[in-house]
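Chain and residue survey
Here is how the chains run, residue by residue.
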Amino acid sequence: MTPAASTKPYPHLFAPLDLGFTTLRNRVLMGSMHTGLEDRRRDFPKLAAYLAERAAGGAGLIVTGGFAPNVEGWLKPFGGKLSWPWETGPHRQLTRAVHEHGAKLCLQLLHAGRYGYHPLQVAPSKLKAPINPFTPRELGARGIERQIRAFASAAARARDAGYDGVEVMGSEGYLINQFTAPRTNRRDDAWGGDARRRMRFAVEIVRRVREACGPDFILVYRLSLLDLVEDGNTWDEVLEQARAVEAAGATIINSGIGWHEARVPTIATSVPRAAFAGITGRLRPHVSVPVVAVNRINMPEVAEEILASGQADLVSLARPLLADPEWPNKARAGRAGAINTCIACNQACLDHIFVGKVASCLVNPRAGHETELRYEPTANPRRIAVVGAGPAGLACATVAAQRGHHVTLFEASDRIGGQFNLASRIPGKEEFTETLRYFRHRLEDTGVEVRLGTVAGPAELAGYDEIVLATGIVPRKADFPGADDPRVAGYMDILSGRVQAGPRVAIVGAGGIGFDVAEFLVHEGQSPSLDPVRWRAEWGVDLDGNARGGLATPAPEAPARQVWLLQRSPGRPGARLGKTTGWIHRATLRHKKVRMIGGVEYLGLEADGFRVRIDNAEQLLEVDTVVVCAGQEPRRELQARLEEAGITAPVHLIGGAYLAAELDAKRAIDQGSRLAAGF
Ligand code: FAD
Ligand code: NAP
Ligand code: SF4
């Protein structure tokens, strides 16, 4: 029976893939993600538990985080590597853990080249990366041979450790990609000059890995299909590389999209779903090995469509399996609505890695912490009241109910979600609605009693064993002269549609919400994040193979309004936004000609506009509306009322109710989940 004729959900996604010497049980490849657990031997039991959950959840082929083939290839000093015999042993825990659950496991071999954050780094040419303070040493011919040998012997060690294969990282701007692209390879010897010599390093590594590991070993080659930097490869050069690595012994070609130094977003939430699958589709007819589509594939219908339309043979899900290890099993069982969807926020995965913390997930705080954050059934079920169905309250109520407690969730408004309902209205944050859909399922599955439209007070909360206040925040009011004028609105008024902004707007406060409100105001009509063609035009992404590196000239659409985004503190607005996404918000607003100004003193709203002082000079900003995004205060007056009413049950504060400063959904969900894990 052909997959299409099957009556099972997602027939293409769950069709096995025969590789000749081995078979993958389905088309879900868990893409490589560095978790921070790869670097120290003592963290391997945690890494094994993390991988085991993803294997048990139904992934077909899992690729580990990157391991360097030698010290020169380290991502950072003392990062994970596999170059000595004694480094092999601990890996057996990982391969055993994954094989127990029927998945295959590949080790990713990643040589960072000039992206290595240490002074031992090497590269084809002595050119510093714009995102790294270290300048690499240029490799000589013997040094190049040493790197190739290191790849081959690390692959052989991986085979000894029980891995089913390796993935050779040839994209994202790491060493192999530095050889293939003219941007970073300025050599004029056997390893550089024309395209054939630039790709020789990649091809030689694949050939020698195959030689070292034999024919029955999976060799995934991650090929940079779009470099998205100046002086990247042309499409013809990419095709030539693809054919050459296939001939050299690659079993599967995975897609790589964009170097780390690229200034085009590739995985952020504002990137449309499957925005880059088309480029894998363009490659597929030119090779005979299976190809993998990547980036922003977060729901089964997206994955199925890519496979059914013939764009790829496998789909790579990385962050979506951090968010929900059970993703494949739920999809196969026809329970896609129960998937905890990755919203591509990067807040707990990539942002953590950037500051040296273990990667986790905003919507699933257990990710990376499987051994210590466990939701065990309770031996002592209690009656628990949770007040507020924002992210904190939802996480707390569902984890407590999953563990067997009797939970009632009170929500004043007519829907669950709290501020996430506003966040999902921001163009580029549409994914946030998936979290609310997930929680709706979860409330039902875990049997939480939900009371919408109920403002909980002492009367409603009498008789419970534990009371959790997840009542969120109240927006802070601004205090400039004229702040009571009808032309001044709060961000909630604007985002909820209660107030329409005029054509010229000043935003007071340039935190995360100020930036989001600016994006809301400058966009009109359908969000480009829901329209890949418009989105690619805005950022200058060429999938047609015309522009070198896939980098065309960006053509942003005109802004819907003229916006000033202001903050009192000096310096560049947006400096405190997320490490991996802040630059995208700033670039988007620059495209839309938003004036982002720090060091502003608000002198007051006047008849003709908003008077401010910037750099000791007064200015009148001729605006029709001022939107206040000046942070928040905790909403927790209920705590005192409960005390006054003589309610003695323990009262717990979480999320914004606990602390409004630096609040985000990551903390809210984490705090709610951890509190409930301890009840
Ligand atoms: P809230 O979400 O504020 O929920 C509190 C709930 O309690 C509300 O539903 C309220 O109606 C209810 N309630 C209050 N009192 C009572 C009562 N007495 N009885 C019953 N119910 C009551 N965070 C991120 O991490 N990443 C982002 O990208 C992001 N973007 C955002 C964009 C916007 C535009 C906004 C507004 C917020 C954004 N946030 C983001 C912040 C995030 O939404 C909040 O941190 C999170 O919602 C806080 O969760 P919470 O549960 O503490 O409170
Ligand atoms: P915020 O980040 O604390 O920013 C508040 C802004 O208001 C600051 O720019 C502050 O800077 C200004 N401000 C404070 N008091 C003021 C006053 N009295 N008058 C005028 N301006 C004042 O808060 P937020 O923007 O409301 O965001 C709330 C939380 O949601 C944040 O912690 C954030 O992490 C989260 N969030 C995250 C994202 C994301 O993409 N990750 C997006 C949205 C929200 P000055 O004092 O310099 O003016
Ligand atoms: Fe996805 Fe955000 Fe979780 Fe990372 S933290 S896996 S981007 S939901």
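As recorded by an unreviewed UniProt entry, the protein carries the name NADH:flavin oxidoreductase/NADH oxidase and is attributed to Pseudoxanthomonas suwonensis.

Here's the deal with the overall build of the protein
What the protein contains, in helices and strands, is 22 helices and 27 strands. Projecting the C-alpha coordinates of the protein onto the three principal axes gives extents of approximately 75 × 65 × 50 Å. Residues classed as buried in the protein amount to 61% of the 679 residues present. Pairs at least 24 residues apart make up 72% of the contacts formed inside the protein by residues separated by at least 6 positions.

Examining the site of ligand 3
Lining the immediate surroundings of ligand 3 are Arg319, Leu322, Cys342, Ile343, Ala344, Cys345, Asn346, Ala348, Cys349, Cys361 and Leu362. Tallied by class, residues from the shell around ligand 3 come to nine nonpolar, one polar and one charged.

Things to note about the UniProt feature "domain: NADH:flavin oxidoreductase/NADH oxidase N-terminal" (unreviewed entry) in the protein
Residues annotated by UniProt as "domain: NADH:flavin oxidoreductase/NADH oxidase N-terminal" (unreviewed entry) correspond here to residues 13-336. Structurally, residues 13-336 comprises 33% helix and 16% strand, and the distance from its first C-alpha atom to its last is 13 Å.

A short note on the domain arrangement of the protein
Taken as a whole, the protein is organised into domain 1 (17-354), domain 2 (383-474 + 636-678) and domain 3 (477-524 + 560-630). The centre of domain 1, based on its C-alpha atoms, is set 41 Å off from the matching centre of domain 3. Across the contact, eleven residues belong to domain 1 and six residues belong to domain 3. When the two sides are added together, the surface that domain 1 and domain 3 hide from each other amounts to roughly 640 Å², 69% of it contributed by carbon and sulfur. Run the count over domain 1 and domain 3 and you get zero salt bridges. On the surface where domain 1 and domain 3 come into contact, there are two residue pairs in polar contact (both at pLDDT 80 or more). In terms of residue class, the side of domain 1 that touches domain 3 is made up of seven nonpolar, two polar and two charged.

Quick notes on the sheet that holds strand S13 (residues 383-387)
The five strands are arranged S15-S14-S13-S16-S27 in an open sheet whose pairing can be described as parallel. Every interior strand has two partners, whereas the edge strands, strand S15 (449-451) and strand S27 (651-653), have only one. Each adjacent strand pair in this sheet contributes to an overall mean axis angle of 20 degrees, direction not counted. Direction of pairing for S13 relative to strand S16 (residues 466-469): parallel, over a ladder of four bridges. Paired with valine 387 across the bridge in S16 is leucine 469.

Focus on the UniProt feature "domain: FAD/NAD(P)-binding" (unreviewed entry) in the protein
In the UniProt entry, the feature "domain: FAD/NAD(P)-binding" (unreviewed entry) is given for residues 383-648. Within residues 383-648, the helical portion is 29% and the strand portion 23%, while the C-alpha atoms at the span's ends are 14 Å from each other.

Some details on the site of ligand 1
Residues in close proximity to ligand 1 total 35 residues, the closest being Gln347, Glu411, Lys429, Gly656 and Ala665. Glutamate 411 has a polar side-chain atom sitting 2.7 Å from an oxygen atom of ligand 1. Here ligand 1, which alone exposes 1000 Å², has 91% of that area covered by the protein. Those elements that place two or more of their residues in the shell around ligand 1 are helix H13 (391-402), helix H14 (420-423), helix H17 (491-496), helix H18 (512-522) and helix H22 (665-678). Here the shell around ligand 1 is built from residues that sort into 19 nonpolar, ten polar and six charged. Shared between two domains, the shell around ligand 1 takes at least three residues from each, and those domains are domain 2 (383-474 + 636-678) and domain 3 (477-524 + 560-630).

Notes on H18
Burial runs high along H18: eight of the eleven residues are buried. Buried residues along H18 sit in contact with H17, strand S19 (504-508), strand S20 (562-566), helix H20 (582-591), strand S21 (595-597) and strand S25 (625-628).

Brief notes about the packing of H13 against H22
Between H13 and H22, the least distance of the axes is 7 Å, while the angle of their chain directions is 25 degrees. By the angle between their directions, the pair H13 and H22 is classed as roughly parallel. Here H13 runs over H22; the crossing is right-handed. Two secondary-structure elements touch here, H13 through Pro391, Ala392, Ala395, Cys396, Val399 and Ala400 and H22 through Ala665, Ala668, Ile669, Gly672, Ser673, Leu675, Ala676 and Ala677.

A few points about unusual backbone geometry
A negative phi holds for most residues other than glycine; trans holds for most peptide bonds. The phi torsion at alanine 344 lies on the positive side, around 60 degrees, for a residue other than glycine. Of note, asparagine 616 is a non-glycine position whose phi angle comes to about 65 degrees, a positive value. Structurally, asparagine 616 is set in the loop between strand S23 (609-614) and strand S24 (617-621).

Comments concerning the sheet that holds strand S18 (residues 488-490)
One open sheet holds the five strands; their spatial order is S18-S25-S19-S20-S21, and the pairing between them is parallel. Each edge of the open sheet carries a strand with a single partner, namely S18 and S21. Direction aside, neighbouring strands of the sheet carry axes that sit 20 degrees apart on average. Two elements, S19 and S20, share five bridges in a ladder whose sense is parallel. Paired with valine 508 across the strands is leucine 566, a residue of S20. Strand contacts of H18: S19, S20, S21 and S25, with the helix running at about 175 degrees to S20, the strand carrying the most contacts.

Thresholds applied
Residues numbered from 1 in each chain as written. Chains lettered and ligands numbered in written order. Predicted model: local features only at pLDDT ≥ 70, side-chain atom pairs only at ≥ 80, totals over all residues. Heavy atoms only, no water. Helix = DSSP H or I, 4+ residues; strand = E, 2+ residues; numbered from the N terminus. Buried < 20%, exposed > 50% of the residue type's maximum accessible area, 1.4 Å probe, protein only. Contact = heavy atoms within 4.5 Å. Near = heavy atom within 4 Å. Nonpolar A, V, L, I, M, F, W, Y, C, P; charged D, E, K, R; others polar. UniProt positions renumbered as here; feature names shortened; annotations may be inferred. Domains from an automatic or database assignment. Buried area = accessible area lost by both parts, 1.4 Å probe. Salt bridge = Lys/Arg side-chain N within 4 Å of Asp/Glu carboxyl O. Polar contact = N/O pair within 3.5 Å; in protein donor to acceptor, adjacent residues only side chain to side chain. Pairing = 2+ DSSP bridges. Axes fitted to C-alpha atoms, helices over the stretch in contact; angles between N-to-C directions. Areas by Shrake-Rupley, 256 points an atom, 1.4 Å probe, with all protein chains shown as cover. Parallel < 35°, antiparallel > 145°, perpendicular 65-115°, else oblique. Left-handed = near helix turned anticlockwise from the far one by under 90°.

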